[in-house]
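Structural features, examined
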Amino acid sequence: SQQGEEDPQALSIQEGENATMNCSYKTSINNLQWYRQNSGRGLVHLILIRSNEREKHSGRLRVTLDTSKKSSSLLITASRAADTASYFCADGGAGSYQLTFGKGTKLSVIP
Amino acid sequence: NAGVTQTPKFQVLKTGQSMTLQCAQDMNHEYMSWYRQDPGMGLRLIHYSVGAGITDQGEVPNGYNVSRSTTEDFPLRLLSAAPSQTSVYFCASTRGTDGYTFGSGTRLTVV
(Lines give C-alpha, C1' and ligand atoms only; values in the text may rest on other atoms or scores of the structure.)
Protein backbone atom coordinates (compact mmCIF):
# COMPACT_ATOMS: atom_id res chain seq x y z
CA SER A 1 0.00 0.00 0.00
CA GLN A 2 1.12 3.55 -0.61
CA GLN A 3 2.58 5.13 2.49
CA GLY A 4 4.06 8.41 1.31
CA GLU A 5 1.51 10.81 -0.11
CA GLU A 6 2.52 13.97 -1.93
CA ASP A 7 0.59 17.19 -1.96
CA PRO A 8 -0.34 18.83 -4.26
CA GLN A 9 -0.87 16.27 -7.02
CA ALA A 10 -0.08 18.93 -9.61
CA LEU A 11 1.59 22.32 -9.45
CA SER A 12 2.06 24.92 -12.15
CA ILE A 13 4.34 27.92 -11.61
CA GLN A 14 6.21 30.58 -13.58
CA GLU A 15 9.92 30.28 -14.16
CA GLY A 16 11.83 31.95 -11.35
CA GLU A 17 9.21 31.20 -8.70
CA ASN A 18 9.71 28.76 -5.86
CA ALA A 19 7.95 25.38 -5.79
CA THR A 20 7.01 23.59 -2.60
CA MET A 21 5.85 19.99 -2.46
CA ASN A 22 4.77 18.16 0.66
CA CYS A 23 4.87 14.51 1.63
CA SER A 24 3.23 12.64 4.48
CA TYR A 25 3.98 9.14 5.69
CA LYS A 26 2.41 6.82 8.21
CA THR A 27 4.94 4.72 10.09
CA SER A 28 8.41 5.20 11.53
CA ILE A 29 11.16 5.73 9.00
CA ASN A 30 14.91 5.37 8.69
CA ASN A 31 15.11 8.06 6.04
CA LEU A 32 13.01 10.00 3.57
CA GLN A 33 14.10 10.35 -0.04
CA TRP A 34 13.02 12.56 -2.91
CA TYR A 35 13.22 11.59 -6.57
CA ARG A 36 12.55 13.33 -9.86
CA GLN A 37 11.13 11.66 -12.95
CA ASN A 38 11.10 13.33 -16.33
CA SER A 39 8.42 12.17 -18.70
CA GLY A 40 9.16 8.70 -20.05
CA ARG A 41 12.37 8.35 -18.06
CA GLY A 42 13.62 6.60 -14.96
CA LEU A 43 13.74 8.14 -11.51
CA VAL A 44 16.68 10.23 -10.41
CA HIS A 45 17.62 10.45 -6.74
CA LEU A 46 17.66 14.06 -5.53
CA ILE A 47 18.22 14.05 -1.80
CA LEU A 48 18.04 11.77 1.25
CA ILE A 49 17.26 13.06 4.73
CA ARG A 50 17.73 10.78 7.73
CA SER A 51 15.25 10.50 10.56
CA ASN A 52 17.57 12.39 12.94
CA GLU A 53 17.96 15.33 10.54
CA ARG A 54 15.55 18.25 10.26
CA GLU A 55 16.76 20.07 7.17
CA LYS A 56 19.05 19.40 4.24
CA HIS A 57 20.18 21.46 1.27
CA SER A 58 21.49 20.52 -2.15
CA GLY A 59 21.93 23.33 -4.65
CA ARG A 60 18.48 24.85 -5.25
CA LEU A 61 16.79 22.09 -3.25
CA ARG A 62 15.83 22.32 0.39
CA VAL A 63 14.23 19.40 2.21
CA THR A 64 12.74 19.48 5.67
CA LEU A 65 11.61 16.58 7.83
CA ASP A 66 9.22 16.72 10.78
CA THR A 67 9.05 13.27 12.33
CA SER A 68 6.48 14.39 14.92
CA LYS A 69 4.07 15.25 12.08
CA LYS A 70 5.34 12.44 9.83
CA SER A 71 5.83 14.92 7.01
CA SER A 72 8.50 16.27 4.71
CA SER A 73 8.67 19.11 2.23
CA LEU A 74 10.75 19.74 -0.87
CA LEU A 75 11.43 23.33 -1.87
CA ILE A 76 12.87 24.14 -5.28
CA THR A 77 14.03 27.74 -5.43
CA ALA A 78 14.28 29.90 -8.55
CA SER A 79 12.60 27.25 -10.69
CA ARG A 80 13.59 26.66 -14.30
CA ALA A 81 11.69 25.14 -17.21
CA ALA A 82 14.04 22.15 -16.92
CA ASP A 83 12.60 21.44 -13.45
CA THR A 84 9.35 20.36 -15.12
CA ALA A 85 8.94 16.74 -13.98
CA SER A 86 7.16 14.53 -11.47
CA TYR A 87 8.57 14.50 -7.97
CA PHE A 88 8.20 11.55 -5.64
CA CYS A 89 8.90 11.08 -1.98
CA ALA A 90 9.84 7.63 -0.74
CA ASP A 91 10.28 6.52 2.83
CA GLY A 92 12.89 3.99 3.82
CA GLY A 93 11.29 1.97 6.60
CA ALA A 94 13.13 1.48 9.87
CA GLY A 95 15.53 -1.44 9.55
CA SER A 96 15.01 -1.98 5.84
CA TYR A 97 16.18 -0.69 2.50
CA GLN A 98 12.82 -1.08 0.86
CA LEU A 99 11.25 2.15 -0.33
CA THR A 100 7.56 2.98 -0.24
CA PHE A 101 6.69 5.63 -2.81
CA GLY A 102 3.96 8.21 -2.91
CA LYS A 103 1.99 8.94 -6.06
CA GLY A 104 4.01 12.02 -6.90
CA THR A 105 3.58 15.73 -7.60
CA LYS A 106 3.58 16.79 -11.24
CA LEU A 107 5.41 20.12 -11.49
CA SER A 108 5.10 22.31 -14.57
CA VAL A 109 7.39 25.34 -14.81
CA ILE A 110 6.20 27.78 -17.44
CA PRO A 111 8.93 29.77 -19.23
CA ASN B 1 29.99 3.50 -15.32
CA ALA B 2 26.81 2.32 -16.99
CA GLY B 3 24.83 2.37 -13.71
CA VAL B 4 21.69 0.21 -13.91
CA THR B 5 20.96 -1.29 -17.31
CA GLN B 6 17.56 -2.70 -18.16
CA THR B 7 16.65 -4.67 -21.25
CA PRO B 8 14.52 -4.67 -23.26
CA LYS B 9 13.18 -1.10 -23.29
CA PHE B 10 9.89 -2.11 -24.88
CA GLN B 11 8.09 -5.44 -25.09
CA VAL B 12 4.71 -6.66 -26.26
CA LEU B 13 3.56 -10.06 -25.00
CA LYS B 14 0.52 -12.16 -25.63
CA THR B 15 -1.49 -13.34 -22.65
CA GLY B 16 0.04 -16.52 -21.25
CA GLN B 17 3.53 -15.95 -22.61
CA SER B 18 6.52 -15.83 -20.29
CA MET B 19 9.54 -13.60 -20.44
CA THR B 20 12.47 -12.30 -18.43
CA LEU B 21 13.26 -8.65 -17.86
CA GLN B 22 16.97 -8.20 -17.43
CA CYS B 23 18.65 -5.88 -14.95
CA ALA B 24 22.36 -5.43 -14.42
CA GLN B 25 24.34 -2.95 -12.31
CA ASP B 26 28.07 -2.31 -12.30
CA MET B 27 28.34 -0.38 -9.03
CA ASN B 28 28.79 -3.40 -6.74
CA HIS B 29 25.55 -2.51 -4.95
CA GLU B 30 24.24 -5.09 -2.51
CA TYR B 31 20.59 -4.07 -2.63
CA MET B 32 18.46 -4.38 -5.74
CA SER B 33 14.73 -3.97 -6.27
CA TRP B 34 12.08 -4.27 -8.94
CA TYR B 35 9.19 -1.80 -9.08
CA ARG B 36 6.24 -1.40 -11.36
CA GLN B 37 4.74 1.98 -12.16
CA ASP B 38 1.13 2.34 -13.20
CA PRO B 39 -0.68 5.63 -13.95
CA GLY B 40 -1.87 7.26 -10.75
CA MET B 41 -0.38 4.52 -8.58
CA GLY B 42 3.18 5.64 -8.04
CA LEU B 43 5.77 2.88 -7.81
CA ARG B 44 5.06 -0.42 -6.11
CA LEU B 45 7.70 -2.87 -4.97
CA ILE B 46 7.56 -6.31 -6.61
CA HIS B 47 10.63 -8.13 -5.28
CA TYR B 48 13.89 -7.13 -3.73
CA SER B 49 17.27 -8.60 -2.84
CA VAL B 50 19.74 -7.73 -0.09
CA GLY B 51 22.59 -9.68 -1.65
CA ALA B 52 23.50 -12.56 -3.92
CA GLY B 53 21.37 -15.60 -3.14
CA ILE B 54 18.85 -13.65 -1.05
CA THR B 55 15.51 -12.43 -2.37
CA ASP B 56 12.19 -11.52 -0.83
CA GLN B 57 8.72 -10.40 -1.83
CA GLY B 58 7.53 -6.86 -1.94
CA GLU B 59 4.03 -5.43 -2.08
CA VAL B 60 2.89 -6.97 -5.40
CA PRO B 61 4.86 -10.21 -6.02
CA ASN B 62 2.16 -12.41 -7.55
CA GLY B 63 2.95 -13.53 -11.09
CA TYR B 64 6.64 -12.66 -10.84
CA ASN B 65 9.78 -14.57 -9.89
CA VAL B 66 13.29 -13.31 -9.23
CA SER B 67 16.72 -14.77 -8.57
CA ARG B 68 20.05 -13.22 -7.59
CA SER B 69 22.91 -15.53 -8.53
CA THR B 70 25.44 -12.70 -8.78
CA THR B 71 25.78 -9.25 -7.25
CA GLU B 72 25.43 -7.65 -10.67
CA ASP B 73 22.29 -9.27 -12.08
CA PHE B 74 18.71 -9.34 -10.85
CA PRO B 75 16.33 -10.67 -13.55
CA LEU B 76 12.55 -10.50 -13.18
CA ARG B 77 10.54 -13.34 -14.69
CA LEU B 78 6.91 -13.11 -15.72
CA LEU B 79 5.58 -16.64 -15.49
CA SER B 80 2.36 -16.35 -17.50
CA ALA B 81 1.71 -12.80 -18.67
CA ALA B 82 -1.68 -11.21 -17.97
CA PRO B 83 -3.09 -7.87 -19.18
CA SER B 84 -2.94 -6.65 -15.55
CA GLN B 85 0.86 -6.83 -15.83
CA THR B 86 0.89 -4.12 -18.48
CA SER B 87 3.07 -1.51 -16.82
CA VAL B 88 6.44 0.18 -16.76
CA TYR B 89 9.01 -1.82 -14.81
CA PHE B 90 11.97 -0.26 -13.07
CA CYS B 91 15.01 -1.94 -11.58
CA ALA B 92 16.99 -0.06 -8.94
CA SER B 93 20.04 -0.63 -6.80
CA THR B 94 21.76 0.92 -3.80
CA ARG B 95 24.69 0.21 -1.54
CA GLY B 96 22.36 0.94 1.35
CA THR B 97 23.59 4.26 2.70
CA ASP B 98 22.45 6.43 -0.19
CA GLY B 99 19.49 6.70 -2.49
CA TYR B 100 18.68 4.22 -5.19
CA THR B 101 19.97 4.37 -8.75
CA PHE B 102 17.21 3.51 -11.19
CA GLY B 103 17.34 2.00 -14.64
CA SER B 104 15.55 3.64 -17.55
CA GLY B 105 12.67 1.17 -17.41
CA THR B 106 10.98 -1.49 -19.51
CA ARG B 107 7.60 -0.63 -20.96
CA LEU B 108 5.59 -3.87 -21.14
CA THR B 109 2.26 -4.33 -22.88
CA VAL B 110 0.34 -7.59 -22.53
CA VAL B 111 -2.39 -8.12 -25.11
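Details of the structure are given in the entry above.
Residues numbered from 1 in each chain as written. Chains lettered and ligands numbered in written order. Predicted model: local features only at pLDDT ≥ 70, side-chain atom pairs only at ≥ 80, totals over all residues. Heavy atoms only, no water.

A count of helical and extended segments in chain A gives zero helices and eleven strands. Along chain A, helices (α) and strands (β) appear in the sequence β-β-β-β-β-β-β-β-β-β-β when read from the amino end. Considering only C-alpha atoms, chain A reaches an extent of 40 × 25 × 20 Å along its principal axes. A buried classification covers 44% of the 111 residues belonging to chain A. Long-range contacts, defined as pairs at least 24 residues apart, comprise 56% of the intrachain contacts of chain A with a sequence gap of at least 6. Accessible surface computed for chain A: about 5300 Å², of which carbon and sulfur atoms make up 44%. Measuring between centres, the 13 positive side-chain charges of chain A sit 4 Å from its 10 negative side-chain charges. (Helix = DSSP H or I, 4+ residues; strand = E, 2+ residues; numbered from the N terminus. Buried < 20%, exposed > 50% of the residue type's maximum accessible area, 1.4 Å probe, protein only. Contact = heavy atoms within 4.5 Å. Areas by Shrake-Rupley, 256 points an atom, 1.4 Å probe, with all protein chains shown as cover. Lys, Arg positive; Asp, Glu negative; His and termini not counted. Charge placed at Lys NZ, Arg CZ, Asp CG, Glu CD.)

The next subject is the packing of aromatic side chains. On inspection of all chains with the given rule, the structure shows seven aromatic pairs over all chains. Aromatic pair A:F101 and B:Y35: ring centres 5.4 Å apart, planes at 85°, arrangement edge-to-face. Of this pair, A:F101 sits in strand 10 (residues 99–101) while B:Y35 sits in strand 4 (residues 31–38), on two different chains. Like A:F101, the residue B:Y35 is buried in the burial classification. On the basis of relative accessibility, which here comes to 0%, the residue A:F101 falls in the buried class. Among the aromatic residues, those joined into a ring-pair cluster are A:Y35, A:F101, B:Y35, B:F90 and B:F102. Above the plane of the ring of B:F74 lies B:R68, whose end atom (NZ or CZ) is 5.9 Å from the centre. (Phe/Tyr/Trp six-rings, centres within 6.5 Å; stacked < 30°, edge-to-face > 60°. Lys NZ or Arg CZ within 6 Å of the ring centre and 35° of its normal.)

Let us now look at the sheet that holds strand 7 (residues 61–66) of chain A. All names here are of chain A. Read from one edge to the other, the open sheet built from five strands follows the order 1-3-8-7-6, with strand pairing classed as antiparallel. Bordering the open sheet on either side are strand 1 (5–7) and strand 6 (55–58), each of which pairs with just one other strand. For this sheet, the mean angle separating the axes of adjacent strands, direction not counted, is 20°. Bridge analysis of strand 1 against strand 3 (residues 19–24) gives three bridges, and the strand direction is antiparallel. Looking across to strand 3, one finds that E6 is bridged to C23. (Pairing = 2+ DSSP bridges. Axes fitted to C-alpha atoms, helices over the stretch in contact; angles between N-to-C directions.)

Moving on, we come to the interface of chain B and chain A. With 21 residues of chain B at the contact, the number on the chain A side is 19 residues. Both sides of the chain B and chain A interface together cover about 1600 Å² of buried area, and 53% of this is carbon and sulfur. For the chain B face of the interface with chain A, the top three residues by lost area are B:L43, B:Y100 and B:F102, together amounting to 29%. Inspection of the region where chain B meets chain A yields zero salt bridges. (Buried area = accessible area lost by both parts, 1.4 Å probe. Salt bridge = Lys/Arg side-chain N within 4 Å of Asp/Glu carboxyl O.)

Membership of the largest hydrophobic core comes to 21 residues, with the highest contact counts inside it found for A:L32, A:W34, A:L74, A:I76, A:Y87 and A:L107. Those elements that provide at least two residues to this core are strand 3, strand 4 (29–37), strand 5 (43–50), strand 7, strand 8 (71–76), strand 9 (85–93) and strand 11 (105–110) of chain A. In this structure A:Y87 touches A:E6, A:M21, A:Y35, A:R36, A:L46, A:L74, A:I76, A:G104, A:T105 and A:L107, once residues within four positions along its chain are discounted. In this structure, B:V4, B:L21, B:W34 and B:F74 belong to the second largest nonpolar core, which totals 19 residues. (Core = buried A, V, L, I, M, F, W, Y, C linked by side-chain atoms within 4.5 Å.)

Moving on to unusual backbone geometry. Residues and elements named next belong to chain A. Each neighbour pair has its own omega, and for D7 with P8 the value is 0°, a cis peptide bond. The topology assignment puts P8 in the loop between strand 1 and strand 2 (10–14). Of note, the phi angle at K70 is positive, near 50°, even though the residue is not glycine. Counting through the fold element by element, K70 comes out in the loop between strand 7 and strand 8. Here A78, not a glycine, exhibits a phi torsion of approximately 45°, which is positive. By the element assignment, A78 lies in the loop between strand 8 and strand 9.

Geometric values such as these leave the question of function open.
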